[in-house]
Amino acid sequence: MRVLGIETSCDETAASVVTLDGASAPVIASNIVLSQIEEHAAFGGVVPEIAARAHVEALDGIVEAALADSGTTLADIDAIAATAGPGLVGGLIVGLMTAKAIAAAAGKPLIAINHLEGHALTARLTDGLDFPYLLLLVSGGHTQIVAVRGVGDYQRWATTIDDALGEAFDKTAKMLGLPYPGGPNVEKAAATGDATRFAFPRPMKGSAQPDFSFSGLKTAVRQAATAIQPLSEQDVADICASFQAAVADALGDRVARALARFRQEFPDKAMPSLVVAGGVAANRTIKATLHKLCAEAGFAFVAPPLKLCTDNAAMIAWAGIERLRAGLSQENGFDFVPRSRWPLDSISAPMVGSGRRGAKA
């Protein structure tokens with residue numbers, strides 16, 4: 001089984017070929033990712049129009065490179081899988097329409113993939129994890145806890161009621177004059193800061209409601225920074241360290257509730273696993289907090305390599321293979337329309353801010 005994956009949901013143009021041969025472990029034959037960070041850095045965030053145009057310019061070459069690196073041709077490929085949502089609709093259109101054209105010309109099946117499903121199934125690609133397991137997805141656009149029960153079988157247990165965690169990192173960095181992307185630069189500044197200097201709130205900590213919230217924390221950071229203007233380098237470091245500590249503390253509290261619920265709902269799972277995916281999973285303070293939490297609760301802590309936690313096409317190709325094996329490849333084919341909003345679990349209650357297209361996440 002060989003699947004070509006295409007990913008263009010945000011600011012990375014990516015293509016990958018993943019193969020699966022019988023009972024052998026899957027192989028990432030190629031994984032090409034072109035980042036657009038330089039194009040968006042001056043704006044402090046992703047500009048949708050710039051992202052879409054960059055995808056148009058780069059995608060054909062990226063697909064050719066992925067096929068060449070894997071030593072395959074389109075004739076060798078069994079199916080084309082492409083991200084069809086959620087994400088920036090301009091980029092989604094570029095990737096999905098390119099995939100449709102390639103699939104139609106080569107006479108191959110097309111599988112439209114939910115970007116979140118790619119993240120949800122990555123641990124099976126890298127670690128061969130068995131169902132069920134718990135997923136914490138923390139990225140620039142999503143903060144969710146999901147029970148992954150099978151291919152196409154997901155139950156969202158918690159999500160953010162306002163900002164995604166990665167978004168909060170980016171906005172905090174922008175307020176403090178740090179470069180984009182915010183996550184790694186906030187973490188770098190925090191390394192020399194005093195995490196106890198500012199008593200920032202721990203949103204939702206102790207709440208019976210299982211969800212996340214980060215807008216209040218972001219506001220507290222802005223108020224603290226405004227009160228001590230002009231900011232010295234040490235002020236910025238202390239604010240970053242205090243912000244990061246608050247995030248890790250709040251995240252740990254929310255995840256602890258989910259671990260307890262997982263134990264109750266899946267009592268027969270001898271060694272349950274918590275999978276952490278998304279770009280924010282690279283933060284060492286957050287990772288250390290979650291690792292300790294899992295050790296105390298008797299959970300295995302699984303974090304795929306960073307290059308497979310951030311946006312990439314290998315996870316999309318793998319999701320295509322998973323759907324092929326499960327007989328679900330015909331659900332999302334040539335008639336599928338890109339969706340800027342596409343909840344992984346469509347039966348969960350919509351959150352605050354939902355519109356006619358569904359929940360933001």
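Small disclaimer: the values here were computed from a predicted structure and weren't measured.

A. Broad picture of the pattern of salt bridges. One pass over the structure, following the stated rule, counts 14 salt bridges. In this structure, the salt-bridge partner of Glu 49 is Arg 53, at a minimum N-O distance of 2.7 Å. On the criterion of helical spacing, the pair formed by Glu 49 and Arg 53 is a turn pair, its members being 4 residues apart in helix 2 (residues 48-70). Overall, the relative accessible area of 46% leaves Glu 49 in the partly exposed class. Overall, Arg 53 belongs to the exposed group, its relative accessible area being 53%. For Glu 265, the salt bridge identified is with Arg 261, shortest N-O distance 2.8 Å. Within this pair, Glu 265 and its partner Arg 261 are both found in helix 8 (residues 233-265), separated by 4 residues, close to a single helical turn.

B. Focus on the nonpolar core. If you look at the biggest cluster of nonpolar residues, it comprises 48 residues, and the most contacted ones within it are Leu 136, Ile 145, Leu 165, Phe 200, Phe 243 and Ile 286. In terms of residue count, the dominant contributor to this core is helix 8 (13 residues). Residues contacting Phe 243, with those up to four places away along its chain left out, are Ala 168, Phe 169, Thr 172, Val 186, Phe 200, Leu 217 and Val 221. Core analysis: the next-biggest nonpolar cluster, separate from the first, contains 31 residues, Ala 79, Leu 121, Ala 277 and Ala 319 among them.

C. Here's a closer look at the packing of helix 2 against helix 3 (residues 89-106). It is the contact of helix 2 with helix 3, at a shortest axis distance of 9 Å, that shows an interaxial angle of 30°. On the basis of their axis angle, the class for helix 2 and helix 3 is roughly parallel. The way helix 2 lies across helix 3 gives a crossing that is right-handed. In this structure, helix 2 uses Ala 52, His 55, Val 56, Leu 59, Asp 60 and Val 63 to contact helix 3, whose residues at the interface are Gly 90, Gly 91, Val 94, Gly 95, Thr 98 and Ile 102.

D. Expanded view of the sheet that holds strand 5 (residues 110-114). Here 5 strands make up an open sheet; going across it, the order is 3-2-1-4-5 and the pairing mixed. Among the strands making up the open sheet, the edge pair consists of strand 3 (27-35) and strand 5. Each neighbouring strand pair of the sheet contributes to a mean axis angle of 20°, computed without reference to strand direction. Where strand 1 (residues 2-7) meets strand 4 (residues 79-85), 4 bridges bridge the pair, whose relative direction is parallel. Within the sheet, the bridge partner assigned to Gly 5 lies in strand 4 and is Ala 81.

E. Spatial organisation of helix 7 (residues 215-227). Taking 1.5 Å as the rise per residue, helix 7 with 13 residues should run 18 Å; its terminal C-alpha atoms sit 19 Å apart, in good agreement. Within helix 7, the full set of buried residues consists of Leu 217, Lys 218, Ala 220, Val 221, Ala 224 and Ala 225. For helix 7, the arc enclosing every buried residue in end-on projection is 160°, short of the 170-degree limit, so these residues lie on one face. For helix 7, the exposed residues set more than 90 degrees away from the buried face come down to Gln 223, Thr 226 and Ala 227.

F. Summary view of the confidence of the model for the protein. Averaged over all residues, the pLDDT of the protein equals 93, while 96% of them reach at least 70. A low-confidence stretch, residues 354-361 (pLDDT under 50), is modelled with 18 contacts involving residues beyond four sequence positions or located in other chains.

Reading guide: rules and limits
- Residues numbered from 1 in each chain as written.
- Predicted model: local features only at pLDDT ≥ 70, side-chain atom pairs only at ≥ 80, totals over all residues.
- Heavy atoms only, no water.
- Salt bridge = Lys/Arg side-chain N within 4 Å of Asp/Glu carboxyl O.
- Helix = DSSP H or I, 4+ residues; strand = E, 2+ residues; numbered from the N terminus.
- Buried < 20%, exposed > 50% of the residue type's maximum accessible area, 1.4 Å probe, protein only.
- Core = buried A, V, L, I, M, F, W, Y, C linked by side-chain atoms within 4.5 Å.
- Contact = heavy atoms within 4.5 Å.
- Axes fitted to C-alpha atoms, helices over the stretch in contact; angles between N-to-C directions.
- Parallel < 35°, antiparallel > 145°, perpendicular 65-115°, else oblique.
- Left-handed = near helix turned anticlockwise from the far one by under 90°.
- Pairing = 2+ DSSP bridges.
- Expected span 1.5 Å × (residues − 1).
- Arc of directions from axis to C-beta.
- pLDDT = per-residue confidence, 0-100.

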